[in-house]
Amino acid sequence: MKVNGVYIDDTFAEAFPMKATRIIITGMTLKWAYRAANSLIGFASSVIACGCEADIECELDPEETPDGRPGIAVIVFAMSTKQLADQILKRVGQSVMTTATSACFSGLRCEPSIKLGQALRFFGDGYQISKKLNGVRYWRIPVMHGEFVCEEKTGVADAIGGGNFLVLAKTSRHALAACEKGVLAIRKVPRAVTSFPAGIVGSGSKVGSKYKFMKASTNHPYCPTLKGRVPDTDVGPEIGSVLEIVIDGLDEEAIRESMRAGIEAVCRFGPEKGIYRISAGNYGGKLGPYHFHLRQILA
Amino acid sequence: MSGIVLTLKKRPSQFVDLPGLTPEAIAGRSAQDIAGEPLQLGRRKVTVADLFEVEDRGEREIAVRGEESEITLRRSSDRLCAIGTSMSEGRIEVHGSAGDYLGRGMRGGHIRVRGSAGHCVGQGMQGGLIEVSKDIGDFAGGALLGATEGMNEGTILVSGNAGHRAGDRMRRGMLVVKGGAGDYLGSRMKGGTIVVLGPTGRSVGLGMRRGTIVLAERPVEVPATFHTSGKLKMEFLRLLFRELGRSFRSLAFLRTYGPLSERLIGDLSAGGKGEVLVLLSS
């Protein structure tokens, strides 16, 4: 199968169940909402060592936010509800509450839920005020910039992490140009995010290593510099760079739609602009319950 | 499920309590059955049919409204007391005035009065919504006799004025008055939120321990046990006004209100965790 002359491998992306929540961050201006959101999603590219994966889902107009100010929706993923609760508490407490003029609300009201303002309220040192509006409890914490308003809880949803595709290109410059467009297309899809820096993975990993203390190591079959060195290399002579786009989503449809939008955007570059192949990362289908077959998605 | 229309034949000579006439109490019953329901008129025992014309509103209209039943009181009078006592679901529509104790101990559902209501509206309320299109009497959202706390959930929305002691001992919930309020607004309050858009009487928030009173007009007098934090942008007000504007079409104008207000903290003689926010940008 080819799309605009780009060969699509007959393979699939293997994804895993995760837990996720959505946070809405507002600020005096969109710039300050971004400051808080960017701080929250910092060092959240992979659960392997960051504790969670997080990225901005979309900007929100003042009409769409609870307090009528410009806002940002962020989705945070973790391997368990406990891990998610721990990360949310640390990140909202240290990144959002410390950002001037910020406020924090749940973007996913469901059960089960994890603590948001319910835990952060203690920062108020007894001067915090609880308010229940339309059945939702909020905490007002007096802070130096004025008042930090934070919803009490945020819901936890079953989600999927690890949807992906690989872009095999002539050079890293070609791969990057196409992947940037691919990520822009994915960002238009709701309920899905790309948590790696700028949405693109430059050093994709495989499970395990020759070193026992390493959980993951370089994805050697896709390293162009190992062509001719490793017997299971999967990059042909024309390939000089491979980049990966990893997608986390709140449901299968969000990941499927994101992969389709991303691959189509990448394939628009075609072989004449250095994009030769699209593949996907998997573990033989034995580890993850979700399989996203490239050719089915693009059919 | 069923719904009934009760049309008052003439204004009763004495006060009549209607605690048994709630949507859940009439659910599934015929108009004839409800007409025989006993009521107490002074020292006399009467039936619903003695005071009201009882009419079954039919299945079709109820089906459109869903599973819950509805009571419509037509030509209502201020002599009809305790309407909607302890109701937990459904809807009561009152055309005319309602007497005292409207929605006493209410746990859910919706009461709408197209007229005024008497004293103690939403007394001991634990949920639901009461809307009154004209004025209400004293002690709205207050405590049941012998109780130490007033309403602890739900919303009371008054388009006219409220009497004295509105929100007295209030624990939780929301009281919104589009007109003015009398003396001792939010006295001994323990939580919840009161919004008054008109003028208020003396001693606002006297003895309040917690809770928030939002005033669009500066009160004539604030107790000496309140201290000011000065003019501030209270970010919470943005949330409050948006939620109110979103929930009630009649309060949609609140979405244009800003957060700039003077914050008065008090009552310092009762812990000082309450606040009176006087809007400066409304």
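Residues numbered from 1 in each chain as written. Chains lettered and ligands numbered in written order. Predicted model: local features only at pLDDT ≥ 70, side-chain atom pairs only at ≥ 80, totals over all residues.

Some remarks on the interface of chain B and chain A
Piece 1. The interface is formed by 14 residues belonging to chain B together with 14 residues belonging to chain A.
Piece 2. Those elements giving two or more residues to the side of chain B that touches chain A turn out to be β15 (227-233) and α5 (235-247) of chain B.
Piece 3. Among the elements that take part in the side of chain B that touches chain A, α5(B) stands out by supplying eight residues, more than any other.
Piece 4. Residues of the side of chain B that touches chain A, tallied by class, amount to five nonpolar, two polar and seven charged. (Contact = placed C-beta atoms within 7 Å. Helix = DSSP H or I, 4+ residues; strand = E, 2+ residues; numbered from the N terminus. Nonpolar A, V, L, I, M, F, W, Y, C, P; charged D, E, K, R; others polar.)

Considering the environment of A:Ile245
Residues and elements named next belong to chain A.
Piece 1. Inspection of the secondary structure puts Ile245 in strand β16 (residues 241-249).
Piece 2. Sequence spacing of Ile245 and Met259 is 14 residues, and the spatial spacing of their C-alpha atoms is 8.8 Å.
Piece 3. Aside from chain neighbours lying at most four places away, what touches Ile245 is Asn164, Phe165, Cys179, Gly182, Val183, Thr194, Gly199, Ile200 and Gly262.

Here we look at the nonpolar core
All names here are of chain A.
Piece 1. The biggest cluster of nonpolar side chains holds 165 residues, and the ones touching the most others in it are Ile25, Val74, Val76, Phe165 and Val167.
Piece 2. Top element by residues in this core is strand β3 (residues 12-26). It accounts for eight residues.
Piece 3. A domain split of this core shows at least three residues from each of domain 1 (2-14 + 160-298) and domain 2 (18-157).
Piece 4. Filtering out sequence-adjacent residues up to four positions away, Phe165 remains in contact with Ala13, Ile245, Met259, Gly262, Ile263, Ile278, Ala280 and Leu294. (Core = buried A, V, L, I, M, F, W, Y, C linked by C-beta atoms within 7 Å. Buried ≥ 20, exposed ≤ 12 C-beta atoms within 10 Å, placed from the backbone. Domains from an automatic or database assignment.)

Thoughts on the domain arrangement of chain A
Interface size is often expressed as the accessible area that is lost when the parts come together.
Residues and elements named next belong to chain A.
Piece 1. Domain annotation of chain A identifies domain 1 (2-14 + 160-298) and domain 2 (18-157).
Piece 2. A C-alpha centroid distance of 30 Å is found between domain 1 and domain 2.
Piece 3. Listed as interface residues are 12 residues of domain 1 and, on the opposing side, 13 residues of domain 2.

A look at α5(B)
Residue and element names in this part refer to chain B.
Piece 1. Between its first and last C-alpha, α5 extends 19 Å over 13 residues, near the 18 Å set by a 1.5 Å rise per residue.
Piece 2. The buried fraction of α5 is high, at 10 of 13 residues.
Piece 3. Every buried residue belonging to α5 is among Glu235, Phe236, Leu237, Arg238, Leu239, Leu240, Phe241, Arg242, Glu243 and Leu244, and all of these are buried. (Expected span 1.5 Å × (residues − 1).)

As for the packing of helix α4 (residues 172-187) of chain A against helix α5 (residues 252-267) of chain A
Residue and element names in this part refer to chain A.
Piece 1. At a closest axis distance of 7 Å, the pairing of α4 and α5 adopts a crossing angle of 145°. Handedness of the α4/α5 crossing: right-handed. Judged by residue contacts, Ala178, Cys179, Lys181, Gly182, Val183, Ala185 and Ile186 of α4 engage Ser258, Ala261, Gly262, Ala265 and Val266 from α5. (Axes fitted to C-alpha atoms, helices over the stretch in contact; angles between N-to-C directions. Left-handed = near helix turned anticlockwise from the far one by under 90°.)

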